[in-house]
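Here is what each chain is made of, one letter per residue.
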Amino acid sequence: MTQMKDRHGRPVVVVTGMGVVTSLGQGKQENWAKLTAGQSGIHTITRFPIEGLRTTIAGTVDFVPFENAPDLTTKMAALAGDEAVAEAGIAPGGFPGPLFLGMPPVELEWPQRQAIAAASGKAADITYTDILKGAAAKDFSAMQTRFLFGSVSDQLADRFGTKGAPISISTACATGATAIQLAVEAIRRGETEAALVVSADGSANQESLVRFSLLSALSTRNDDPTGAARPFSKDRDGFVMAEGAGALVLESYEHAKARGAKILGVVEGCGEMADSFHRTRSSPDGAPIIGCIKNALEDAGVTPADVQYVNAHGTSTPENDKMEYVGLAAVFGDHLAGIAVSSNKSMIGHTLSAAGAIEAVFTLMTINSGIIPPTINHAEADPAIKLDLVPNTARQAKVTRAISNSFGFGGQNVCLVLAAEPA
């Protein structure tokens, strides 16, 4: 059996299967063709009434039928997971390791709340006590089961036949990257030889749009959906909510080689650093973002000069983009001028809990294909942000190592170092 350890003497963790679902379509092939063509999946919302909403655009996944947000999250996760497991050449229903699932918080939606309220017998002036009476008046067990946080992972664990108890994770916009990090650490510790990582988010609904609008976080370019997400541009005005799922099969190098699997890339390093400055804002000195990137590079055992590409968090919000640049400039210094930086969110929107996994998939596809997806809608550069943003058109380039950034509300920061298979 082939022996391979990383610079710290730990098992090398490789990727042998990947799957993705976004507003651009289902599967890696369709997504990659549209992504590298600079095509946007953001559109006017048709799924629900939008009258009165400040933001009426999103990157919703409209080709998957669903009943509620947990149902859509489950179905997209299943589609991405199916693609990843099939590419890895693992038999359906018998995955040889645990499931690490990244997903959004789960809460009752308005149809369910209205059903419980109706069961109370009152038509108006309904109080919390009435809601409790309504909940006890009928059998709502199916609703209760569907809206348990663990219900999504339980269904997926049964579908893929993963081993042990599935682990569900929700760390805001860093969720997908956190799920990858936990799986990598489990393999490094020798707890498993393989892990299935899936992150999905199907929570683009009226209530979510209202909440983010109240934070002034969303773009209001409703008359130009495909041009609304403008990461790092001077005229950026907020992110665009989106849905999707990303999945990766992770294995130790030895396990993958022993079964003859094709290696798609290596997860060399994972770094994290919490930011307790504010629930939604970044620390103005950039210290947590700087520390997060440095921790990832140190974990990988590489230097800033070893990186050729950054898949930026790049949300298109004024402050987040500025702080990401501050962090990159502090870590990479003069070397930053020679690094390509682009944001997938300019085309697919911000897939929230799924973003870290989806963008890790796209980063590995960049390494494997030698094509860097563009940052579209970049017409006017922000003079305070000096980055090579691969503006508007994809670029052919040799990339052997890249980082993928994920910075979330609540100070959740995770950075991944991804690389090609070692010689």
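Residues numbered from 1 in each chain as written. Predicted model: local features only at pLDDT ≥ 70, side-chain atom pairs only at ≥ 80, totals over all residues. Heavy atoms only, no water.

**Q** Let's hear about the overall build of the protein: which residues, and what values?
**A** Looking only at helices and strands, the protein features 13 helices and 15 strands. Computed over C-alpha atoms, the radius of gyration of the protein comes to 21 Å, within 12% of the 22 Å expected from 2.2 N^0.38 for 423 residues, which places it in the range of a compact globule. Counting only C-alpha atoms and orienting by the principal axes, one finds that the protein spans roughly 70 × 50 × 40 Å. With 423 residues in all, the protein has 59% of them scored as buried. As presented, the protein carries roughly 16500 Å² of accessible surface, and 53% of it is formed by carbon and sulfur atoms. (Helix = DSSP H or I, 4+ residues; strand = E, 2+ residues; numbered from the N terminus. Rg over C-alpha atoms; globule rule 2.2 N^0.38 Å. Buried < 20%, exposed > 50% of the residue type's maximum accessible area, 1.4 Å probe, protein only. Areas by Shrake-Rupley, 256 points an atom, 1.4 Å probe, with all protein chains shown as cover.)

**Q** Now, about the side chain of glutamate 243: what can you tell me, with residues and values included?
**A** Residue placement: glutamate 243 occurs in the loop between helix H8 (206-214) and strand E8 (244-252). Within the structure, the side chain of glutamate 243 is placed 2.9 Å from the backbone nitrogen of valine 61, a separation counted as a polar contact. (Polar contact = N/O pair within 3.5 Å; in protein donor to acceptor, adjacent residues only side chain to side chain.)

**Q** Any details on the packing of helix H10 (residues 287-300) against helix H11 (residues 318-332)? Residues and values, ideally.
**A** Helix packing geometry: the angle between the two helix axes and the distance between the axes. Taken N-terminus to C-terminus, the directions of H10 and H11 make an angle of 45°; their axes are 8 Å apart at the nearest point. Looking at the two axes, H10 sits oblique to H11. The handedness of the crossing between H10 and H11 is right-handed. Facing H10, whose interface residues are Ile289, Ile290, Ile293, Lys294 and Leu297, H11 presents Met323, Glu324, Gly327, Leu328, Ala330, Val331 and Phe332. Broken down by class, the residue content of the contact of H10 with H11 amounts to nine nonpolar, one polar and two charged. (Axes fitted to C-alpha atoms, helices over the stretch in contact; angles between N-to-C directions. Parallel < 35°, antiparallel > 145°, perpendicular 65-115°, else oblique. Left-handed = near helix turned anticlockwise from the far one by under 90°. Contact = heavy atoms within 4.5 Å. Nonpolar A, V, L, I, M, F, W, Y, C, P; charged D, E, K, R; others polar.)

**Q** Which residues make up the packing of aromatic side chains, and what values go with them?
**A** The final tally for this structure, using the stated rule, is two aromatic pairs. With 6.4 Å between their ring centres and 35° between their planes, tryptophan 32 and phenylalanine 362 make a pair best called tilted. Of this pair, tryptophan 32 sits in helix H1 (residues 28-36) while phenylalanine 362 sits in helix H13 (residues 355-369), and the two are 330 residues apart along the sequence. Here tryptophan 32 matches phenylalanine 362 in class, with each residue buried. (Phe/Tyr/Trp six-rings, centres within 6.5 Å; stacked < 30°, edge-to-face > 60°.)

**Q** Account for the environment of serine 346, naming residues and giving values.
**A** Position of serine 346 relative to the elements: it lies in helix H12 (residues 345-348). Distance from serine 346 to serine 276, taken between C-alpha atoms, is 28 Å for residues 70 residues apart in sequence. Residues contacting serine 346, with those up to four places away along its chain left out, are Ser40, Ile42, Ala229, Pro231, Pro374, Thr375, Ile376 and Asn377. Looking at serine 346, its side chain comes within polar contact range of the main-chain nitrogen of isoleucine 376, at 3.1 Å.

**Q** Talk me through H1; I want residue IDs and the actual numbers.
**A** Listed as buried for H1 are Lys28, Asn31, Trp32, Leu35 and Thr36. Down the axis of H1, the smallest arc covering the buried residues is 110°, so these residues share one side. Considering only its buried residues, H1 is in contact with strand E1 (13-22), strand E2 (25-26), helix H2 (69-88), H12, H13 and strand E12 (371-372). One or two residues past the end of H1 sits glycine 38, with phi positive at roughly 75°. (Arc of directions from axis to C-beta.)

**Q** Can you tell me about the nonpolar core, naming the residues and giving the values?
**A** Within the largest apolar cluster, 45 residues are counted, with the highest numbers of intra-cluster contacts made by Ile180, Leu248, Leu250, Val267, Phe362 and Leu416. When neighbours within four sequence positions are excluded, valine 267 is seen to be in contact with Val13, Val15, Ile180, Val184, Arg188, Leu250, Val417 and Leu418. (Core = buried A, V, L, I, M, F, W, Y, C linked by side-chain atoms within 4.5 Å.)

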